[in-house]
Structures are given as structure tokens and as C-alpha cells.
Amino acid sequence: MEVVFLLVFVSGVLVACSIGGFIYSIRNDEHEHVDRLALAPLRDDNEAPRRA
Amino acid sequence: MKRSCLHCQNPLPPGEDTFCCAGCRAARALIEEAHLEKYYELRGGPGVVVPEAPVRGEIWLEACQEQLQKSKDEVIRLELDVQGLHCAACVWVVEQLFERREGACGVVVNPGAGKIAMTVRPRSFDLGRFARDLARLGYRLGPSSKAERSEASRGLLLRIGICAALTVNVMIFTFSVYSGLVEGPLHGLMTGAAWALTTLAVLVGGGPFVRSALASVQQRALHLDLPIALGITLAYAGSSYAHFSGKDGASYLDTVATFTTLMLVGRFLQERVLERNRRQLLADDGVENLYTHRVRDGVVQVVRVGELQEGDRLLLRPGDLVPVDAEAPEGGVQVSREWITGESTPVAVPGGAVLEAGCFLAGDCAVEVKARAAYAASRLAGLLRTPGNVREPGARRTPFWSRLTRWYVALTLLAAVGSGVGGWLVGRAPGRVLEIVVAVLVVACPCAFGIAVPVAYELAQGALRRVGVFVRSPSLLDRVGMVRRVVFDKTGTLTLGELELEHPEELCSLPPWAKKALGNLALRSRHPKSRAVVKALEPQGLLLEDASVREETGRGMEGIFEGKVCRLGAPGWAGEAKGADLVFSVDGQVKLAMMTRERLRHDAPGRIRELERAGYEVHLLSGDGVERVAALARRLGLAPERARAGASPEEKRAYVATGDALMVGDGVNDAAAMGAALCSATPAGELPFLPARTDAYVQGELVTGVRRLLIVGDRLQRTVRGAVTFGLAYNVLAVSAACMGWMSPLVAAVIMPLSSVAVVGYVIGRLRGVERIDEESAGEAVALMPSPGAA
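Residues numbered from 1 in each chain as written. Chains lettered and ligands numbered in written order. Predicted model: local features only at pLDDT ≥ 70, side-chain atom pairs only at ≥ 80, totals over all residues. Heavy atoms only, no water.

Caption draft 1: Just the overall build of chain B, in detail. Looking only at helices and strands, one finds 25 helices and 27 strands in chain B. Here chain B holds 791 residues, and 58% of them are scored as buried. The contacts of chain B with a sequence gap of at least 6 include a subset with a gap of at least 24, amounting to 71%. Surface summary for chain B: the accessible area is close to 31600 Å², and the carbon and sulfur share equals 57%. (Helix = DSSP H or I, 4+ residues; strand = E, 2+ residues; numbered from the N terminus. Buried < 20%, exposed > 50% of the residue type's maximum accessible area, 1.4 Å probe, protein only. Contact = heavy atoms within 4.5 Å. Areas by Shrake-Rupley, 256 points an atom, 1.4 Å probe, with all protein chains shown as cover.)

So this is what it looks like as C-alpha cells:
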């Protein structure tokens, strides 16, 4: 029975972590680069990463 | 089988078997030259629609390049705005073109913000060439002047993410209650966790609605956010009361969290649609990024036109805009006044006379002129200050959707109050009365208005974007349903601002040497009539030869070939010929009498017929002369009474201010009419501030774009009406059940999201592929015409 309380606590922590990750991603404007990031798998492995 | 353009997949005009226009031909050629065919694969469909009309040179690029050349840094970072980015394929092709340029170091293309950040070696990177390559593919660079993404939009996205994560967990916790867990410590844990997460969701997600509802109450206006905010607040209060008083049966916790999240999604879509359109265009920069060449102390400087003062010396090249009233140089110049008056024929301005601001230099060589006034005092400044998006009272009408919302809000509140009063009168306990009021507000959640309508607008605008129509004004798609008259300007709108020979086949009658002489005279002139000759001769091969040729301003070209004096120019000067406006003569003898006419946009005749078949009145409204306008109306099959010539900007404004006109124009002389019309559209090209001030901006085939705008607008309105009808029917049933006290939390929790999904599914089904329906059946247009008064 106690394990359920633990599970609820763990799920709460996971929710908090996922929300934290989401906030971090939005603050870094990663959602604005989805089209560019979607191309990453198409690039050659030996291609150097480009940064502006 | 109907064939389509190899680049944009639009239908091909008659006589063409590969591309719909020169723009698409150039785009495809560049893609093949650079081996970028993967672009089509990544887009999963047609390429970006390319402007058919040529875009004039942009002096801001010179200023930028000058800064690059002066830079002492080894590597510098350059951020520019870019117009026309849609998807990953756009990003890929821009990156590829950049990487192939010498001096290119790194690039980040951001389609969300419509920006491109480049790291380049300033002395070796050719920005102008890169900009021209992009322009060939339909992307346009501009100085970085777009504002950063608004904090409000980012905040909304954050709220959605947080509320969605919380809602999913609330659902999981509440599911245990629905499954039969009604007592014990585990029950307490589950409901307690659900309540805590719902509280967070309401705090995070309810804020925007509560603030907006309070503002609407302060302004004494019924806004859709009022029932949303009331629903969230009362449902949360009722559920909390039930939770702490141990009555699970009244707990709407998961419904409250779901409702809040869905409403946030709807709000985000509403805001994103417009922001995305704005991001995909260059900024509405007025004259901020309009540059010219000023000569000071013998040095040519690139300056903003806003800095010009009376007495400044300006260097104007062929095709340049005259930014302020100026004094024509000795010997006179040829100018095109099409942008300010609609007159398509270049006119000669004698030396010392006033060159009107807004003209374009049409001559063959650069000239130096003296500014007669500062920019701020010029007529052009006044015209460009006209805010095109501020509609005049006659053009302002409230869309049905907005009117309906007010009624809906009033009726919902009335039903909630009525159910509460009714429950109290029949002697129900206060707790039960609250339950019923909450149930009414929750089940009456305006899903159709709050989610389905924003989704419909997003789909419609996305569909239009894909075919090169960019909607800038929030209410345009509500207004196009009321359009009955489509009014086109002539020069630059229905015509491309270029001339063509009426009978190019007559050139074949010339002997080879005469053809060569004619070609050499025409090649040395930038006059539109000469260009028409060049265009007609091009298929037969043209070689520029060393010859003595001179231009006589306002008359034509004269040269000596094989010892004979050849002239190409106006009748009377080059030789006498009736029924001709261009004459080629040799030693005074007329060899060829030609007639030119304006080059039409290739899609205009067919699409205009379709518009008329669909029930729209098509009008031609121009500042140009009677004969030219009448000739164009005949070519388009328009009735003479629907073609008006010689219209001044004020007359144009009065002509369209009837509350049912869509004005399509491209000149500053159309700006007043665009503000007075019910809605307005403009083609791509020219300078960025006109597209930025109209309701819609069409890249690619203009008349096709206008027709698609009308079709999509009409389909959207029908879809919204269907969704709203569904929503109202659902609400009447659900609210009735809630008023009677028959609505349990479980039923409400199930049917509320189900109804949302159903109505959103209906909207998606109705609007999928709507941008291409005109290609399947032109005849369908008849059925698409809105019935009078439907809006």
C-alpha cells in the first residue's frame, strides 16, 4: 500500500521535472527552431556542427 | 490530363507546358544548377510560390554591403529579416545556398521569427548575390527591423505546456474515483493530489481569461472570456467545496483542468495565426528602410530618404524611386508615374521642371537631380503615412461570429442564473444549487468558439500561405464573405508594368540585317517599348554590336548600321505610320509599324471570367488614360461601364467605399482606396511597405490568389457556421440537462472533450486542401458565391 504513496510522489517529481524542462526549452526559444532542428538527422555524420 | 507548373504546381497558362511564369522557371533553374532537387522532396509538394513581377533593386543592400566592406573584423555576424520562409525545406535550401557562397561561415535560419543570422567574412561574402539567389526562389531579404517575439505569446505557450502536463495527471488521479475508489486513505491521496494539481492548472491557465473578463466588465462589453472565466472560477470553486465537504459526486476537477487547457490552446492558435503571418513578411517599416543615393562633396552616400533635405543632390539610376520632389536635370529625363497615378506610359520631364516624388526613373542612364523639398514635406511622405489597415467607418462591419458571441455569452449567463434561481425557488439546498450552476457553466463551455473557430482560422490561413496569399489583418477572413465587387487597379496589378508587341510575328518580315539593327537599337534603350521589341526578338537571337547609337529623349533611338540611318521610336519622329505607336525606319522609310500593349498577368483573363461566373462584379479602376483602360477591359471581357479611367486617389477611394468591395492595387495612389474598401490586397514586388499595409499580400499569381482568398474565406465562414451550429445544438441539450440537475461530473467529463474533438474534426475535414479546390472544378465557384445577406 505504501508503495502507491511513493509512486505518487515520484510521479509528482517527474511532472515537476518535465515542466522544468519545458520552461527551459521555451526560454531558450527552441520551439522557434524546430524546422532547423528537424533537419539535423539528415546531415552527414562527419559534417561539423555550424553555429552562427 | 491537366498539367501543372514544375515548380509551384499551379495550373499552366495556355501555350505553356512546363512553368506557369518566369519566376518559377528561374527558381527551378537555380535549383537544378545548384543540385538542390532535395528541396522538393523535403517540402513534400510544390516549391514556394515565386513573384511573377520583377522586384526592383533594393538600395538598403548597398548600405549593408558598404558596411561589410568597411569592416576591419575577420568575421562578423549579420542578422537580417527574411520573407517567405515556411518550413524545414525552406530552411534547408537557404542554408545550402548560403554555404555555397564564398566567405560564408555559419548560418541560423529561424522561420518562426522570420530571421536569418549569418556569420561571414565581410570582404569576401557577396551579400547582394546571396539576396538575388534567395529572391529567385521566392525569399526576400530585408534589414533587421522585426520586433522580437512578444512575451505574451511565449507566456501562453508556457501556460499550455504546464497545464497540459498537470491535466494529464489530474485525469489519472481522477480515473481511480471513476473506477470505484470512493473511500479510504488512497482515495484521499488521489483526490487530494487531483485537487492540488487542478489548483495549479487553474492558477497558471486561468489568469489570461480572468484578466480579459475583468477588462471586458470594466469596459461594459460582453466578451467570450467572461463565460470562460466564470466557468473556470465557479467550476473550481464548486469542485473545491465538494472536495473539502467530502462530496465526490460534485467534483469536476478533471473537467476544469481539461477545459482550461483547451481554452488556452484556442487562445494560442488565435494569436499564433496572426503573429506567424506577420513573421513571414518583411516588417511594416514605412520609410525606415527606404534608401537613396545622395551626392555630397563629390562622394556618393547611401542614405535613408527620411534624412533628405531641401537642396541635397541625389544620384538616381534607371529604375530608382524619386523620393522627394526634385529638379529635373538639363536635357530632361523620362519617368514612370505608374506608382502615383497609374499611368503606364513613361513621360518626358524637361530640364528644370519638377520631378514628382514617387516617380521611377525610366531613362537609360543615371542622372543627378536637386531636391526641392525635404522628405518630410513631400507628397510621398503623406501618402505613405496613410495607415492602410485603419478602415473607414463605411467599411467597418461586425462579423456574424462576433455578434453571435455576445448573444451566446448573454444566454449562457442567463441560463446559469436562471438555473440557480430556479433551484433556490424549488427549495434545493445551497450546495445543490451551486452544483447545478457550475454544471451549466461547465457543459456550456464554448468549445466551438474557443477551439474550433481558432483551428478553422489557422487551417484557412495556413492553406492560403501555401499558395502564396498572406493574410495580415485579423478580420480579413470575416470580411471577404461580404465581398460583392472585386475592384482591380490596372498598372502593376492586372498588368505587369511591361509592354509587349501586339503582333510580334510581324518581325519575321524584316531582312536579317534590319532585324539586327532593330535589335541593337532596342537593346540600348530601357524604354518599355524597346524592351517589348527585345523580348519579341529574343527567340530569334540577339547580338549587341559595336555601332554608333544615340537616344533622343522622348522620341527614340537612332543609329547607323551598314551606312544607313535607322530609327526606332515615336511615329512622326521615326516615320509616319497610322495605327502604330512604335516605328522602325531606315533612311526615313518606314520598315515596320508596330503597336504595343500592356503585358497582362497570364492568369488574369481566365480567373476574372471565373470570378464573374461565381457572381462577383469585377471592376477595373485606373488612373491611366481612357483608351488604355478601355483596351484592357476589352481584352479581359469586362463591360465598359465597369472600367473607369483617369481616377484620382480621391475618386478611387469614393468608388470602393461602398462596404462591399475588395480593392486590389499596388501603387501609393491606391492607398486611400485600400483604406476605404471593405478589404484590400496587393501583389508582391516593389517596396515592402505597401504589402505591409494591406489586408492581404499575394506572392505569385495575383488574380488566382485573390480568387483563392475569396474561396477560402467563403469556405471558412461556412465551416465556422457549421461548427457554431453544432456547438449551439450541443449546448442547448447539455445545458437543459444540467439545469434539470441530470448532469453528473462523469458525464460532463466525457461529453465535454468529446464534443470538442467532434467539432474540431469537422473543421479539419471541411478545410483540408481548401486552397486547391479551384483547380478541381472551376464550376464549383458558382456554388461558392455567398448568398446575399448570409454574412
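We are not done yet, so read on.
Caption draft 2: Inspection of the sheet that holds strand E3 (residues 115-120) of chain B at higher detail. Residue and element names in this part refer to chain B. Spatially, 4 strands are ordered E2-E3-E1-E4 in an open sheet, and the strand pairing comes out antiparallel. Only two strands of the sheet have a single partner each, and these edge strands are strand E2 (104-110) and strand E4 (140-143). Taken pair by pair, the neighbouring strands of this sheet meet at an average axis angle of 35 degrees, ignoring direction. Sheet strands in contact with helix H5 (residues 127-136) are strand E1 (76-83), E3 and E4, and its direction is about 135 degrees off that of E4. (Pairing = 2+ DSSP bridges. Axes fitted to C-alpha atoms, helices over the stretch in contact; angles between N-to-C directions.)

Caption draft 3: Up close: the packing of aromatic side chains. All names here are of chain B. Evaluated as defined, the whole model comprises 7 aromatic pairs over all chains. When the ring of Phe98 is compared with that of Phe130, the centres are 5.6 Å apart and the planes differ by 75 degrees; the resulting orientation is edge-to-face. Pair noted here: Phe98 is in helix H4 (residues 88-99) and Phe130 is in helix H5, with a separation of 32 residues, a long-range link. Each member of the pair, Phe98 together with Phe130, is buried. Measuring from centroid to centroid gives 5.0 Å for Trp195 and Phe244, while their planes differ by 75 degrees, and the two rings are edge-to-face. Within this pair, whereas Trp195 is found in helix H7 (residues 185-218), its partner Phe244 is found in helix H8 (residues 225-244), the two being separated by 49 residues in sequence. Put simply, the rings of Phe98, Phe125 and Phe130 pair up and form one aromatic cluster. A cation over a ring is seen here: Arg485 above Tyr655, with NZ or CZ 5.4 Å from the ring centre. (Phe/Tyr/Trp six-rings, centres within 6.5 Å; stacked < 30°, edge-to-face > 60°. Lys NZ or Arg CZ within 6 Å of the ring centre and 35° of its normal.)

Caption draft 4: Looking closely at the confidence of the model for chain A. Of all residues in chain A, 77% attain a pLDDT of 70 or more, and the chain-wide mean is 75. This stretch, residues 48-52 of chain A, has a pLDDT under 50; its non-local contacts, to residues over four places away or in other chains, come to 12 contacts. (pLDDT = per-residue confidence, 0-100.)

Caption draft 5: Quick peek at the sheet that holds strand E21 (residues 589-594) of chain B. All names here are of chain B. Reading across the sheet, the 5 strands line up as E17-E18-E19-E20-E21 and stay open at both edges, with antiparallel pairing between neighbours. Each edge of the open sheet carries a strand with a single partner, namely strand E17 (548-552) and E21. Strand-to-strand, the axes of this sheet are offset by a mean angle of 15 degrees, without reference to chain direction. As judged from the 4 bridges shared by strand E19 (residues 564-569) and strand E20 (residues 582-586), these two strands associate in the antiparallel manner. Counterpart to Gly569 in the pairing with E20 is Val583.

Caption draft 6: Looking closely at the packing of H4 of chain B against H5 of chain B. All names here are of chain B. It is at 10 Å that the axes of H4 and H5 come closest, and there the two elements cross at 150 degrees. Classified by the angle between their axes, H4 and H5 sit roughly antiparallel to one another. In the crossing of H4 with H5, the sense of the turn from one axis to the other is right-handed. Seen from H4, the contacting residues are Val94, Leu97 and Phe98; seen from H5, they are Phe130, Asp133 and Leu134. Partitioning the contact of H4 with H5 into residue classes produces 5 nonpolar, no polar and 1 charged. (Parallel < 35°, antiparallel > 145°, perpendicular 65-115°, else oblique. Left-handed = near helix turned anticlockwise from the far one by under 90°. Nonpolar A, V, L, I, M, F, W, Y, C, P; charged D, E, K, R; others polar.)

Caption draft 7: Examining the packing of helix H18 (residues 604-613) of chain B against helix H22 (residues 702-739) of chain B more closely. Residue and element names in this part refer to chain B. Contact geometry for H18 and H22: axes closest at 9 Å, N-to-C directions at 25 degrees. Taken together, the axis directions place H18 and H22 in an arrangement best described as roughly parallel. Of the two possible hands of crossing, H18 and H22 adopt the one that is left-handed. Taken together, the residues of H22 that come into contact with H18 (itself represented by Ala604, Arg607, Ile608, Glu610 and Leu611) are Val703, Thr704, Arg707 and Leu710. Broken down by class, the residue content of the contact of H18 with H22 amounts to 5 nonpolar, 1 polar and 3 charged.

Caption draft 8: Spatial organisation of the interface of chain A and chain B. In this complex, chain A contributes 23 residues to the contact, which on the side of chain B involves 33 residues. Note on chain A versus chain B: buried area summed over both sides is about 2600 Å², and carbon and sulfur give 69% of it. At the junction of chain A with chain B, the criterion picks out 0 salt bridges. Summed over the shared surface of chain A and chain B, the result is 0 residue pairs in polar contact (both at pLDDT 80 or more). Looking at the side of chain A that touches chain B, the element that brings in the most residues is helix H1 (residues 2-27) of chain A, giving 10 residues. Of the residues belonging to the side of chain A that touches chain B, the class tally is 12 nonpolar, 3 polar and 8 charged. (Buried area = accessible area lost by both parts, 1.4 Å probe. Salt bridge = Lys/Arg side-chain N within 4 Å of Asp/Glu carboxyl O. Polar contact = N/O pair within 3.5 Å; in protein donor to acceptor, adjacent residues only side chain to side chain.)

Caption draft 9: Local environment of the pattern of salt bridges. All names here are of chain B. Applying the stated criterion across every chain, the model contains 27 salt bridges over all chains. Arg294 is the salt-bridge partner of Asp312, the closest N and O atoms lying 3.6 Å from each other. Here Arg294 lies in strand E5 (residues 291-296) and Asp312 lies in the loop between strand E6 (299-304) and strand E7 (313-316), a separation of 18 residues in the sequence. The exposure class assigned to Arg294 is buried, which follows from its relative accessible area of 9%.

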